[in-house]
Amino acid sequence: MNTREEKMEAFGRLLDIMDDLREKCPWDRKQTLESLRHLTLEETYELSDAILNNDLLEIKKEIGDVLLHLVFYAKIGSEKESFDIADVINSLNEKLIFRHPHIYGDAVAEDEEAVKQNWEKLKLKEGNKSVLEGVPKSLPPIIKAYRIQDKVKGIGFEFDSAEDAWAKVEEELEEFHAETEADKKEQELGDVFFSLINYARISGLNADTALERTNSKFISRFQKMEELALSKNLSLADLNLVEMDELWEEAKVFEK
C-alpha cells in the first residue's frame, strides 16, 4: 500500500490535472454543477454495481470516477469564489470531529447503536429542524424508506423486535387485501412495502440489495431461457405459460 506522502502526492496530481482539464479541454470547460449531476448519479450506480458484484478492481475504478466528480464540483465552486476543495475537506473534518465525541471528546458510546443515536441528536444541535431533514428527496424509494427508518431509530422510534415489525407487515397486508378502491389500494401497497423494508432492516437485511440481486438473477435466468428456446428453434413469444415455465425450470439448473 502507498505511504501517506504518496497518497497526498497522488491527490495533488489529481487537482493539477483537474485544473488543466478545466482550462484546456472543451468538454470539461463547458460543464456546470447541473450538467454533471446526472453523470454523477450514473457513476454512483456503477460503483454500486461493482460493490454488489464484489469486484475489487472495478470498485477501485468506479471510486476514481466518483472522486473525479467531487473534485470537479469543488473546482467549479472555487471558480464561483464560493468554496474550494480545502473548504470541503475542512468542513467535513470539523463535522466528523463534532459528531464523534466518543472519540474526540468525553462522551461514551459502547456500541454501534449508541453512536447512531448520538449522531442524530448532534445533528439536531447543529440546527437541523427535523431528524429526517437529511434524507434526499431524490433517493430511490426503497433506499429512502430504509434511510427514514434508520434515522428515526436514532431517537428511539423503533419496534422492539423483528417479530413486532413482522406483525406490522401482516397488519398492512390485511388492510391491503381489504381495500377495494384503486387509489387507496395503492396507498396500502405502499404501506406494505414500507413495513416489509422495516422488517428487513431490523432483521439485519438490506431490502435494496436483496431486490437488486433478485433482479440480476431474474435477468440471468430469463436470458438463459431465451438461449434455450433459440437452441430448440423456439420463440418465447409463441409459447404458452406452461411451456415457458418448463424452460424457466431448465434455466435454473444452469445456476447450480
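Check the entry above for the structure.
Residues numbered from 1 in each chain as written. Predicted model: local features only at pLDDT ≥ 70, side-chain atom pairs only at ≥ 80, totals over all residues. Heavy atoms only, no water.

(A) Representation of the overall build of the protein chain. Helix and strand counts for the protein chain stand at 12 helices and zero strands. Going from the N terminus to the C terminus, the protein chain shows its helices and strands as α-α-α-α-α-α-α-α-α-α-α-α. Since a compact globule built from 256 residues should have a radius of gyration of about 18 Å, the 24 Å found for the protein chain marks it as more spread out than a globular shape. Projected onto its principal axes, the C-alpha positions of the protein chain cover 65 × 50 × 40 Å. (Helix = DSSP H or I, 4+ residues; strand = E, 2+ residues; numbered from the N terminus. Rg over C-alpha atoms; globule rule 2.2 N^0.38 Å.)

(B) The arrangement of the pattern of salt bridges in detail. In the structure shown here, the tally under the stated rule is 12 salt bridges. The salt bridge involving aspartate 19 is made with lysine 75; its shortest N-O contact spans 2.9 Å. With aspartate 19 in helix H1 (residues 4-24) and lysine 75 in helix H4 (residues 56-79), the pair connects residues that are 56 residues apart, well separated along the chain. Notably, a salt bridge pairs glutamate 250 with lysine 232, separated by 2.8 Å at the nearest N-O pair. Separated by 18 residues along the polypeptide, glutamate 250 in helix H12 (residues 241-253) and lysine 232 in the loop between helix H11 (207-231) and H12 bring together distant segments of the chain. (Salt bridge = Lys/Arg side-chain N within 4 Å of Asp/Glu carboxyl O.)

(C) Geometry of the layout of surface pockets. Each pocket or cavity is described by its volume, and for the largest pocket that value is around 280 Å³. Counting residues per element, the lining of the largest pocket draws most heavily on H11, which supplies five residues. In terms of residue class, the lining of the largest pocket is built from seven nonpolar, four polar and three charged. (1 Å grid on protein atoms, 1.4 Å probe; cavity = no way out; pocket = protein on both sides within 12 Å on 5 of 7 lines; lining within 4 Å. Points joined across faces, edges and corners; volume = space filled by probe spheres on them. Nonpolar A, V, L, I, M, F, W, Y, C, P; charged D, E, K, R; others polar.)

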